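Listed below, chain by chain, are the residues.
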Amino acid sequence: MIERAKQAVPLALVIGLLAALWVEFSLNFTFHWVTDGDLGIGLSLPSNFHLIVPAAFVSWGFFFAAGADTAAFTKVVIASVVGTVGGLLLMVVAPALADLPDFWGIAVTVAVLAFVVVVATCIGDMYYVPAVFGAFAATVFWWIATGLDGWAKNGGGIGNSVAALAKPATAGTGAFGGVLSTPVAWVFVDTLVTLLIGTLLGVASVRLTAIVTPRPAASAPARETAATA
């Protein structure tokens, strides 16, 4: 157990460091650097293009679940694209079936998409269903957090400005009084970009760990063999 713990420490340290850097970077990017106006509380209004802190951890985790190698990277990238496209289809199709206050359109669309996602496993081994579901869930989560645009009329807000937040008709229904209101197209883009960043963080975790992990000392017979060679 102690030996396993020693092997895990370098990876744990690298992931902890990368996680801290990601959170610091993504939150500053969203609330300080790429913004659309000062909220007057020390934070700024996020632009429609922003980073989603938890989404990166989803694809990062699936990278390790898939094997943490080149094949895993490819699988999770493909899954991220498929899952977010599925989320986009949900955001477009479901409101056309039934909008606020009815949820059956969302439920029916999710059922159809889930069926298609699972049946598509016949495509081959590079199609990684768990990560597809994870990417889809991340997209739907952010759609809900940002106001269910489309299902709720103008839920993503209009104009994305501080002035727009003062008016219920333009603020949108996103979290924090419309601060996070985001149109459907940008929910898709933001989620996909962040998921792809998560896969890169997975690759960085493995490569940096390989650099900082001490190599085991050669045994005495091995050193003698090397010396006489």
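This write-up is about the structure you can find in this document. (Residues numbered from 1 in each chain as written. Predicted model: local features only at pLDDT ≥ 70, side-chain atom pairs only at ≥ 80, totals over all residues. Heavy atoms only, no water.)

Some remarks on the layout of surface pockets
Then step 1. What the largest pocket holds in volume is close to 180 Å³.
Then step 2. Looking at the largest pocket, it is lined by 14 residues, and the ones nearest its centre are Val82, Gly86, Leu113, Val117 and Val132.
Then step 3. Elements supplying a minimum of two residues to the lining of the largest pocket: α3 (70-97), α4 (104-119) and α5 (129-145).
Then step 4. With 5 residues, the top contributor of residues to the lining of the largest pocket is α4.
Then step 5. Along the lines of polarity and charge, the residues of the lining of the largest pocket split into 12 nonpolar, 2 polar and no charged. (1 Å grid on protein atoms, 1.4 Å probe; cavity = no way out; pocket = protein on both sides within 12 Å on 5 of 7 lines; lining within 4 Å. Points joined across faces, edges and corners; volume = space filled by probe spheres on them. Helix = DSSP H or I, 4+ residues; strand = E, 2+ residues; numbered from the N terminus. Nonpolar A, V, L, I, M, F, W, Y, C, P; charged D, E, K, R; others polar.)

Here we look at the packing of α5 against helix α8 (residues 184-212)
Then step 1. Remark: α5 packs on α8, axes separated minimally by 9 Å, with the N-to-C direction vectors making an angle of 135 degrees. By the angle between their directions, the pair α5 and α8 is classed as oblique. For the crossing formed where α5 meets α8, the hand is right-handed. Residues Ala135, Ala138, Thr139, Trp142 and Trp143 of α5 form the contact with α8, whose own contacting residues are Val184, Val187, Thr191 and Leu195.
Then step 2. Its residues assigned to classes, the contact of α5 with α8 comprises 7 nonpolar, 2 polar and no charged. (Axes fitted to C-alpha atoms, helices over the stretch in contact; angles between N-to-C directions. Parallel < 35°, antiparallel > 145°, perpendicular 65-115°, else oblique. Left-handed = near helix turned anticlockwise from the far one by under 90°. Contact = heavy atoms within 4.5 Å.)

Structural notes on the nonpolar core
Then step 1. If you look at the biggest cluster of nonpolar residues, it comprises 24 residues, and the most contacted ones within it are Leu90, Met91, Ile106, Trp142, Trp143 and Trp151.
Then step 2. Breaking this core down by element, the ones donating at least two residues are α3, α4, α5 and α8.
Then step 3. The leading source of residues in this core is α5, at 7 residues.
Then step 4. In terms of nonpolar packing, the next biggest core, distinct from the first, is built from 14 residues, Ala68, Val76, Val117 and Tyr128 among them. (Core = buried A, V, L, I, M, F, W, Y, C linked by side-chain atoms within 4.5 Å. Buried < 20%, exposed > 50% of the residue type's maximum accessible area, 1.4 Å probe, protein only.)

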